Amino acid sequence: MVDATEIYLPLDDLINLDDERVRLNKEIGKVEDELQRVQKKLGNQDFIAKAKDEVIEKERGKAAQFEEKMRTLRTSLEKIAEIQAGRE
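The shown structure was predicted, so the numbers you read here are calculated from the model rather than taken from an experiment.

## Re the overall build of the protein
Assigned secondary structure in the protein consists of three helices and zero strands. Scored against the burial criterion, the 88 residues of the protein give a buried share of 19%. Summarising the internal contacts of the protein: among those between residues at least 6 apart in sequence, 77% fall at separations of at least 24. Element-wise, carbon and sulfur atoms account for 50% of the exposed surface of the protein, whose accessible area totals about 7,000 Å².

See below:
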C-alpha cells in the first residue's frame, strides 16, 4: 500500500502463502504493540493535561495510522485464507 493507493498483483504461485501468513501475523503483533502504546499515552490524563495540542494531535494521527494498517494487514490475512481455501 502506498499512501491511499493499494496495488494488487497476482502472486499466487510466486510466494509461499504460509510464510506470508507468518510474516503478516508478526507484523500485526508489532502494529498492535505500537497501537496499544499510543492508546495508553492518549488515555493518560497527565499526558493530555501537560502535552501541547500539536503533540496530542500527532499521537492521535499515529493511532489512526496504526488502526488503518491493522485493517490492511487483517484484510491481507483474509485474502490468503481465501486463496488457500480455494486450493484445497
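## Remarks on the pattern of salt bridges
Scanning the entire structure with this criterion turns up nine salt bridges. Residue Glu 20 pairs with Arg 23 through a salt bridge whose shortest N-O separation is 2.7 Å. Pair noted here: Glu 20 and Arg 23 are both in helix α1 (residues 17-43), with a separation of three residues, about one helical turn. Residue class for Arg 23 comes out partly exposed when judged on its relative accessible area of 43%. One connected set of salt bridges, linked through shared partners, spans Lys 41, Glu 59 and Lys 62.

## Focus on the nonpolar core
By size, the foremost hydrophobic cluster in this structure holds twelve residues: Leu 17, Leu 24, Ile 28, Val 31, Leu 35, Val 38, Ala 63, Phe 66, Met 70, Leu 73, Leu 77 and Ile 80. The residues touching Ile 80, leaving out its near neighbours within four places in the chain, are Leu 17, Glu 20, Arg 21 and Leu 24.

## Some details on α1
Compared with the 39 Å implied by 1.5 Å per residue over 27 residues, the 38 Å span of α1 between its first and last C-alpha is a close match. Among the residues of α1, those classed as buried are Leu 17, Leu 24, Ile 28, Val 31, Leu 35 and Val 38. Its side-chain oxygen at 2.9 Å from the backbone nitrogen of Asp 18, Asn 16 defines the N-terminal cap of α1.

## A short note on the environment of Arg 37
As for its placement among the helices and strands, Arg 37 is situated in helix α1. Under the relative-accessibility criterion, Arg 37 is labelled partly exposed at 36%. Polar contacts involving the side chain of Arg 37 include one to the side chain of Glu 34, which spans 3.1 Å.

What counts and what doesn't
Residues numbered from 1 in each chain as written. Predicted model: local features only at pLDDT ≥ 70, side-chain atom pairs only at ≥ 80, totals over all residues. Heavy atoms only, no water. Helix = DSSP H or I, 4+ residues; strand = E, 2+ residues; numbered from the N terminus. Buried < 20%, exposed > 50% of the residue type's maximum accessible area, 1.4 Å probe, protein only. Contact = heavy atoms within 4.5 Å. Areas by Shrake-Rupley, 256 points an atom, 1.4 Å probe, with all protein chains shown as cover. Salt bridge = Lys/Arg side-chain N within 4 Å of Asp/Glu carboxyl O. Core = buried A, V, L, I, M, F, W, Y, C linked by side-chain atoms within 4.5 Å. Expected span 1.5 Å × (residues − 1). Polar contact = N/O pair within 3.5 Å; in protein donor to acceptor, adjacent residues only side chain to side chain.

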